[in-house]
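# Structural description and commentary
Take a look at the letters that make up each chain.
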Amino acid sequence: AQSVTQLGSHVSVSEGALVLLRCNYSSSVPPYLFWYVQYPNQGLQLLLKYTTGATLVKGINGFEAEFKKSETSFHLTKPSAHMSDAAEYFCAVSDLWSGGSNYKLTFGKGTLLTVNP
Amino acid sequence: NAGVMQNPRHLVRRRGQEARLRCSPMKGHSHVYWYRQLPEEGLKFMVYLQKENIIDESGMPKERFSAEFPKEGPSILRIQQVVRGDSAAYFCASSPREDGTEAFFGQGTRLTVV
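Presented here is an overview of the structure given in this document. These figures come from a predicted structure and were not determined experimentally.

Rules of the game
- Residues numbered from 1 in each chain as written.
- Chains lettered and ligands numbered in written order.
- Predicted model: local features only at pLDDT ≥ 70, side-chain atom pairs only at ≥ 80, totals over all residues.
- Heavy atoms only, no water.
- Helix = DSSP H or I, 4+ residues; strand = E, 2+ residues; numbered from the N terminus.
- Rg over C-alpha atoms; globule rule 2.2 N^0.38 Å.
- Buried < 20%, exposed > 50% of the residue type's maximum accessible area, 1.4 Å probe, protein only.
- Contact = heavy atoms within 4.5 Å.
- Lys, Arg positive; Asp, Glu negative; His and termini not counted.
- Charge placed at Lys NZ, Arg CZ, Asp CG, Glu CD.
- Polar contact = N/O pair within 3.5 Å; in protein donor to acceptor, adjacent residues only side chain to side chain.
- Pairing = 2+ DSSP bridges.

What follows is about the overall build of chain B. A tally of helices and strands in chain B yields zero helices and eleven strands. Reading the helices (α) and strands (β) of chain B from amino to carboxyl end gives β-β-β-β-β-β-β-β-β-β-β. Since a compact globule built from 114 residues should have a radius of gyration of about 13 Å, the 13 Å found for chain B is in line with a globular shape. The C-alpha extent of chain B, read off along each of the three principal axes, is 35 × 25 × 25 Å. Counting only residues that meet the buried cut, chain B has 46% of its 114 residues in that class. Considering only contacts within chain B whose residues lie at least 6 apart along the sequence, 54% involve residues at least 24 apart. Charge-centre separation for chain B: the mean point of 17 positive side chains lies 9 Å from the mean point of 13 negative side chains.

So this is what it looks like as structure tokens:
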């Protein structure tokens, strides 16, 4: 079974500083990879996803992530944090269904990002 | 095109009561997924449904939980005889195809069992 590890349940940065949220997965087959953001009492919003092709993926709100197969990682970065980035971030991996479709997502436990003024 | 609509947003039930959670997928989406988020945990897959069919319920507890997605109307997640451990946020996602890369999530239903 797939597993996703998000290193650091809580990350705190200053406004304007680099944001780095770590995600490692376990899979013998290159999976589809996702980052979602959850604001308080809200649903999940897709930030970006990797399926195939270019390993550096750009998403919304200035976030990007790089798929590194050799490291089984998909870390999320943003050059300059804004106060509005404060939220919980979830990394997710798709499972490969026996029928050949990727529909079931396995989520990490999440990383709560705090942005200090 | 409205997003995935879940209702109610908040639901309080006493132990032993039934909880019914509703999910209306986005227009044109015939694939629905339910996930549960326990406190300080990531989301856990529960069930995948297509219209009138349960495709994968491997994440559903064996007892008290059931799900349906009828030909007409929203998908329903039903929890009978709720216990305190059922308190969680339940999220629904929908997709236009079985490939979950195009799934959109609703805002969730937060169930509290007292």
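The next subject is the side chain of lysine 104 of chain A. By the element assignment, lysine 104 of chain A lies in strand 11 (residues 102–107). A polar contact is formed between the side chain of lysine 104 of chain A and the side chain of aspartate 56 of chain B, at a distance of 3.4 Å. Here the side chain of lysine 104 of chain A touches serine 58 of chain B through a polar contact of 3.2 Å, side chain to side chain. Discounting residues that sit within four places of it in the chain, lysine 104 of chain A has contacts with Val93, Ser94 and Asp95 of chain A together with Tyr35, Phe45, Asp56 and Ser58 of chain B.

The side chains of a regular strand alternate between both faces of the sheet. Residues and elements named next belong to chain B. For strand 9 (residues 88–95), a buried count of eight out of eight residues is recorded, marking the element as mostly surrounded by other parts of the structure. The alternating pattern of strand 9 places Ala88, Tyr90, Cys92 and Ser94 and Ala89, Phe91, Ala93 and Ser95 on opposite faces, both of which are buried. Taken together, the seven bridges between strand 4 (residues 31–37) and strand 9 define a ladder with antiparallel strand orientation. Note on strand 9: the bridge partner recorded for tyrosine 33 is alanine 93. In the sheet, strand 9 pairs with strand 11 (residues 109–113) via three bridges, with the strands oriented antiparallel. Paired with alanine 89 across the two strands is arginine 110, which belongs to strand 11. Of the pairings in the sheet, the one linking strand 9 to strand 10 (residues 104–105) comprises two bridges and is antiparallel in character. Residue pairing across strands places serine 94 opposite phenylalanine 104, the latter belonging to strand 10.

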